[in-house]
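Listed here are the chains, written in short residue letters.
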Amino acid sequence: MATAVAPARPGQVLADLLPASRVRDAALVLGGAGLVGIAAQIAVPVPGSPVPVTGQTFAALLVGTALGAGRGLAALAFYALAGLAGVPWFAEGGSGASVSFGYILGMLLASAAVGALARRGADRSVLRMAGTMLIGEAIIYAIGVPYLALAAGMSASAAIAAGLTPFLLGDALKAALAMGVLPTAWKLVNKS
């Protein structure tokens, strides 16, 4: 017999609408890590940059927002640790630490931040979701770009040119997608 989805209440994220259990939480964390790993395989090389454009950042922010800070952080921590241990699910089937690993560290913190904001209702309107995505992206770049500069021996301006500037348009498109998906999901939940 199917269990009904609980009605939405203030202070909830989408994952909280599912019946609570440790099994649910473990499945959400593993599923979130898997989603980020799959999205990382959608990769387009950027000429002059060791960092490709991927679906990874979108998935990481979506996971954090939908699962909340704790589960989002756990999902990205599992993703990062498994990738460091050799699971080939970083961008383009990579694993281990690379010059772009700082972005993964940034995604870990960003997932927790956007999850905390979602718990405060930031995922329920288009405008608030835009701000949430901007904050998440800023955290990712604040860690990823300096890490790239250090790991690749680049100057700050070279790291910005190779690890930030080419990604801004794609990130704006990912944010626009998230701005439509999450508030729409909440509208559908609140209608039922």
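A. Seen up close, the packing of aromatic side chains. Across all of its chains, the model carries 6 aromatic pairs by this definition. Consider the rings of Y79 and F90, whose centres lie 5.2 Å apart with planes at 65 degrees: the pair is edge-to-face. Taken together, the residues Y79 in helix α3 (residues 69–84) and F90 in the loop between α3 and α4 (101–119) connect sequence positions 11 residues apart. Pairing Y103 with Y141 gives two aromatic rings, centres 6.2 Å apart and planes at 85 degrees, and the pair type is edge-to-face. With a gap of 38 residues between them, Y103 in helix α4 and Y141 in helix α5 (residues 126–152) connect regions that are remote in the sequence. Each member of the pair, Y103 as well as Y141, carries the same accessibility label: buried. Through pairs of rings, three or more aromatic residues link up here, namely F78, Y79, W89, F90, F101 and Y147.

B. Expanded view of the environment of G72. Counting through the fold element by element, G72 comes out in helix α3. What makes G72 buried here is its relative accessible area of 0%. With near-sequence residues (within four places) excluded, G72 lies in contact with V63, G64, L67 and S111.

C. View of the nonpolar core. Ranked by size, the top nonpolar core spans 47 residues in total, and within it V36, L76, Y79, Y103, I104 and M107 carry the most contacts. Only α1 (22–40), α2 (56–67), α3, α4, α5 and α7 (168–191) provide two or more residues apiece to this core. By residue number, the principal contributor to this core is α4, which donates 8 residues. Contacts of M107, omitting those with residues within four sequence positions, involve Q56, T57, A60, L76 and I140.

What counts as what
- Residues numbered from 1 in each chain as written.
- Predicted model: local features only at pLDDT ≥ 70, side-chain atom pairs only at ≥ 80, totals over all residues.
- Heavy atoms only, no water.
- Phe/Tyr/Trp six-rings, centres within 6.5 Å; stacked < 30°, edge-to-face > 60°.
- Helix = DSSP H or I, 4+ residues; strand = E, 2+ residues; numbered from the N terminus.
- Buried < 20%, exposed > 50% of the residue type's maximum accessible area, 1.4 Å probe, protein only.
- Contact = heavy atoms within 4.5 Å.
- Core = buried A, V, L, I, M, F, W, Y, C linked by side-chain atoms within 4.5 Å.

All we've got here are geometric facts, nothing functional implied.
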